[in-house]
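Structural features, examined
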Amino acid sequence: MVDQADGAARNAAAQPGGQSGVPSGPCQPWETGGNPPSDGRSGQGASGQGASGQGASGEGASGQGASPPQGHSQPHGAGEGHWSARLESHGIRLTRGPASPGPLRRARDGQLLGGVAAGIARRTGLSVGLIRVLIVVVTLLSTGYLGMAYVLAWLFIPAEGADRNIASKAVTDKRGIGLAVGLTSVLVVALVIASALNAPWVTSLAVPLIVCADGLVLISRNAPDEELAYLRSLADPAGLTATAPRSRRGLRFGIGALLLILGVYALLQGHERLALLWPLAGIMLFVGGITLVLGPWWLRIATEAVAERQARIRAEERADMASRVHDSVLQTLALIQRRAGDQQQVIQLARAQERELRAWLFDGRPPGSMEGQAETVADGVRLIQQEVESQHGLAVEAVTVGDCELDDDMSALLAAAREATVNAAKWSGADTVSLFVEVEQDSVSMFVRDRGCGFDPAAVPADRKGLAESVRARLTRRGGSATIRSAPGEGTEVSLVMPRSADDRVPGRT
Amino acid sequence: MSKPRVFLVDDHSMFRAGVRSELAGAVDIVGEAADVSPAITQIAQSVPEVVLLDVHLPGGGGQDVVAAIRAEHPDVKFLALSASDAPEDVIAVIRAGARGYVTKTISGTELIDAINRVAAGDAVFSPRLAGFVLDAFAAGHSADLGRPSFDPELDQLTGREREVLRLIARGYTYREVAKELFISVKTVESHVSSVLRKLQLSTRHQLTRWAAERKLT
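Residues numbered from 1 in each chain as written. Chains lettered and ligands numbered in written order. Predicted model: local features only at pLDDT ≥ 70, side-chain atom pairs only at ≥ 80, totals over all residues.

**Digging into the overall build of chain B**
When you go through chain B residue by residue, the secondary structure sums to 11 helices and eight strands. Looking at chain B as a whole, 45% of its 217 residues qualify as buried. Partitioning the intrachain contacts of chain B with sequence separation of at least 6 by distance along the chain shows that 67% fall at a separation of at least 24. (Helix = DSSP H or I, 4+ residues; strand = E, 2+ residues; numbered from the N terminus. Buried ≥ 20, exposed ≤ 12 C-beta atoms within 10 Å, placed from the backbone. Contact = placed C-beta atoms within 7 Å.)

Given below as structure tokens:
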């Protein structure tokens, strides 16, 4: 701690002949020894003392009460250190430590309100208490103008560690500015009434009052979260917040009731004493009392209304979900239990239900909406998957990359893919068919692959060739192509490609 | 090859029992858990080679388990096994550090194959995951192509990687992919691992945005 050692040194410096003085401060050894330590600062203080004679030092050393600073009587500059040292010898410390470099910042610890005083103290090295006392005194002397300056400093000086001040955020806060403007007009009306009631001293407070009120509104709306939390913790002891404990609320209620009674009393007494000042004070107390008593209650009603609406929305959502699960999943489960003997049908039911549930949970399509016309290629692929799985009882693993609108070309391509998938389901003997669809800038490709028995394309009898040929013919007419690769025992893959027409490509993938 | 030591994380006890019976004999199941925090403590104790991880857990996402374990046990590998097809779930768990993603409809033999592959340090791409990656990295998709890329190397797939992914999406096994492209299986594996790395490290905003868009449409 710098201040301890520093203060001790100054004490010693202030008492060069301290043997006869009342012992003061933590400097016992030096008093008996009579020799001040000879480090730089105290040496200077002592020499200044010696040159100026004993009068002042005698007074300081006797330590009777808080004598006023005697700096003006000192012949040279060393006196400044001298009077502050003597103040400190009475327990009033002016400095806390060395001044810190860097720009002025509002302190984020050791603050009382906005941290302006603590910030100044940190910047200059002066004591925080001194600065606070100065601010209060000057605020009173300047009829509030320094208070206004304080609020402005709060707005415009960034907090420690922050790179933006509150004002830069406040200028974008339209509701906050609206509130401030509203508050200003209310205050102006109140001040006009007050001055009409022949209380001219009120109008001299007008500008600082309005600026402070508006500034505090903007601060309370735009200060960073941790600062707001601190301010809330300040308001808590007065029971101003809705979450305050019961005893605090009792305190708040008591204060509010007291203000109300005082206000009513002032109103009743209005005619006799200080005729025009009392009603004004009465109204202010009355309004303050009502706010304290009823404000949190109103606030609670408002927040409860919001919570109630949210709970209702949640309940509706749950009811909706329950009815959908009932219509789909529960029905299917009941069906599966009844037909547990028919393995094939159970598999089909489970698969169809799974697909529907997936579409609902992950793609956001409600159950039952799967039927109907496909509008994009991806929709069409899903329809093929659904149809083949439910009619042929094998799994279709469909993967779609990209998507585009379904025009005539794409419908032909989808029809060909459906044909190939159904063919695989009928003839391959595999239990899974992979269907991969990729929509690219200039073309759409579809691949239908199974791991079934396969066949030798060269050895296909003419009556079964027709299917492949018709698919191929349909695609080539539109500029597409179809390739079939297969070998006995290795499964089959049908590749279908269709170029995209130029006007479709503009929006690209969705 | 010795049997890989496997840990099972899934909140459905029926599903865990099913997986256990399917894997019996092929792997050594060292433990199982039903939620995030017991999974983290038990995995840290048993230090398995592979964790089979459900993406959705009551106490959070599977990615929380991956993140917590990887800090202390980087050798533990994760294979996401989930009923969820939601792209954001898949992308989230892969980006947290899982070595692969398969759906719960996978057959027993394929699952054992995938576990061995992950245990050996390779990546496992199901056709669906391959499709997701192709979609997410698709060039035509990027509205922010003009944005300066943080690391262009990580933000796009090479032509060869794209080819490999397409074949996987078409249902090809790694061996079939290798045969089709006249490369070795090891090369296929290194392409897939490289894609996985890009998926995990790419700073592309698109990955997240793409996943969010897929959810909405």
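**Digging into the overall build of chain A**
Scanning chain A from N- to C-terminus turns up 19 helices and five strands. Taking all 510 residues of chain A together, the buried fraction comes to 26%. In chain A, the proportion of contacts linking residues at least 24 apart, taken out of those at least 6 apart, comes to 65%.

**Focus: unusual backbone geometry**
Excluding glycine, residues mostly have negative phi values, and the peptide bonds linking residues are mostly trans. Residue and element names in this part refer to chain B. Its identity is not glycine, yet V47 carries a phi of approximately 40°, on the positive side. Residue position: V47 is located in the loop between α2 (36-46) and β3 (50-53). One non-glycine residue, F182, adopts positive backbone phi at about 55°. Along the chain, the position of F182 falls in the loop between α9 (174-181) and α10 (185-201). The exposure class of F182 is exposed, given the 7 C-beta atoms found within 10 Å.

**Here we look at α10(B)**
All names here are of chain B. With 17 residues, α10 extends 24 Å between its outermost C-alpha atoms, agreeing within 8% with the 24 Å of an ideal straight helix rising 1.5 Å per residue. For α10, the complete set of buried residues consists of V188, H191, V192, V195, L196, K198 and L199. Each buried residue of α10 lies within a common arc of 160° when the element is viewed along its axis, so the set occupies one face. Of the exposed residues in α10, the ones pointing more than 90 degrees away from its buried face are K186 and R197. (Expected span 1.5 Å × (residues − 1). Arc of directions from axis to C-beta.)

**Examining the pairing of strand β2 (residues 432-439) of chain A**
Residue and element names in this part refer to chain A. With seven of eight residues buried, β2 lies mostly within the body of the structure. As paired strands, strand β1 (residues 395-401) and β2 are joined by seven bridges and run parallel to one another. Across the sheet, residue T400 finds its bridge partner in β2, namely V437. Summarising the sheet, β2 and strand β3 (residues 443-450) pair through seven bridges and their orientation is antiparallel. Note on β3: the bridge partner recorded for V433 is D450. The turn joining β2 and β3, which pair antiparallel and follow one another in sequence, is formed by three residues. (Pairing = 2+ DSSP bridges.)

**Examining the confidence of the model for chain B**
Residue and element names in this part refer to chain B. Overall, the prediction assigns chain B a mean pLDDT of 81, with 84% of residues at 70 or greater. For residues 139-149, every residue scores under 50 in pLDDT, and the model assigns this stretch 10 contacts once sequence neighbours within four places are set aside. Quick note on the complex model: pTM equals 0.51, ipTM equals 0.78. (pLDDT = per-residue confidence, 0-100.)

**Concerning the confidence of the model for chain A**
When pLDDT is averaged along chain A, the result is 71, and 67% of the positions lie at 70 or above. Segment residues 506-510 of chain A: pLDDT under 50, and 10 contacts once partners within four positions in sequence are set aside and those in other chains are kept.

**Describing the sheet that holds strand β4 (residues 481-486) of chain A**
Spatially, the five strands line up as an open sheet ordered β1-β2-β3-β5-β4 (chain A), and their pairing is mixed. The sheet is open, and its two edges are formed by β1 and β4 of chain A, each paired on a single side. For this sheet, the mean inter-axis angle between neighbouring strands, taken without regard to orientation, is 10°. By the bridge criterion, six bridges tie β4(A) to strand β5 (residues 492-499) of chain A in an arrangement that is antiparallel. Of the residues in β5(A), the one forming a bridge with S486(A) is T492(A). Here helix α6 (residues 127-136) of chain B sits on the sheet and contacts β1 and β2 of chain A; the angle it forms with β1(A), its principal contact strand, is near 15°. (Axes fitted to C-alpha atoms, helices over the stretch in contact; angles between N-to-C directions.)

**Describing the environment of D214(A)**
As for its position among the elements, D214(A) is in helix α12 (residues 206-222). C-alpha separation for the pair D214(A) and V181(A), spaced 33 residues apart in sequence, amounts to 7.7 Å.

**What to know about the packing of α6(B) against helix α8 (residues 159-169) of chain B**
All names here are of chain B. The N-to-C vectors of α6 and α8 enclose an angle of 140°; their axes lie 7 Å apart at closest approach. Taken together, the axes of α6 and α8 are oblique relative to one another. Our pair here, α6 against α8, has a crossing hand that is left-handed. Residues P127, A130, G131, V133 and L134 of α6 form the contact with α8, whose own contacting residues are R162, L165, R166, I168 and A169. Residue composition of the contact of α6 with α8, by class: seven nonpolar, one polar and two charged. (Parallel < 35°, antiparallel > 145°, perpendicular 65-115°, else oblique. Left-handed = near helix turned anticlockwise from the far one by under 90°. Nonpolar A, V, L, I, M, F, W, Y, C, P; charged D, E, K, R; others polar.)

**Let's talk about helix α7 (residues 128-141) of chain A**
Relative to the 20 Å expected for 14 residues at 1.5 Å per residue, α7(A) spans 20 Å between its end C-alpha atoms, a close match to the ideal helical length. Immediately beyond the C-terminal end of α7(A), within one or two residues, lies T143(A), with a positive phi of roughly 45°.

**Considering the sheet that holds β3(B)**
Residues and elements named next belong to chain B. Strands sit in the order β2-β1-β3-β6-β7-β8 across an open sheet of six strands; the sheet is parallel. The strands lining the two open edges of the sheet, one partner per strand, are β2 (28-33) and β8 (124-125). Sheet topology places strand β1 (residues 5-9) next to β2; five bridges connect them, and they run parallel. When the bridges of β2 are listed, V6 appears paired with I29.

**Overview of the packing of helix α17 (residues 377-392) of chain A against helix α18 (residues 408-427) of chain A**
All names here are of chain A. Where α17 contacts α18, the two axes come as close as 10 Å, and the packing angle between them is 25°. By the angle between their directions, the pair α17 and α18 is classed as roughly parallel. For α17 against α18, the interelement crossing comes out right-handed. Residues V377, G380, I384, V388 and H392 of α17 form the contact with α18, whose own contacting residues are M410, L414, A417, R418, T421, V422 and A425. In the contact of α17 with α18, the residues fall into eight nonpolar, three polar and one charged.

**Concerning the pairing of β1(B)**
Residue and element names in this part refer to chain B. Within β1, four of the five residues are buried, leaving the element largely enclosed by the surrounding structure. Where the polypeptide runs from β1 across helix α1 (residues 13-23) and back to β2, its parallel neighbour, the crossover connection is right-handed. Relative to β3, β1 runs parallel, the two sharing four bridges. Among the inter-strand pairings, V9 is bridged to a residue of β3, identified as L53. (Right-handed = clockwise from strand over helix to strand, strands pointing away.)

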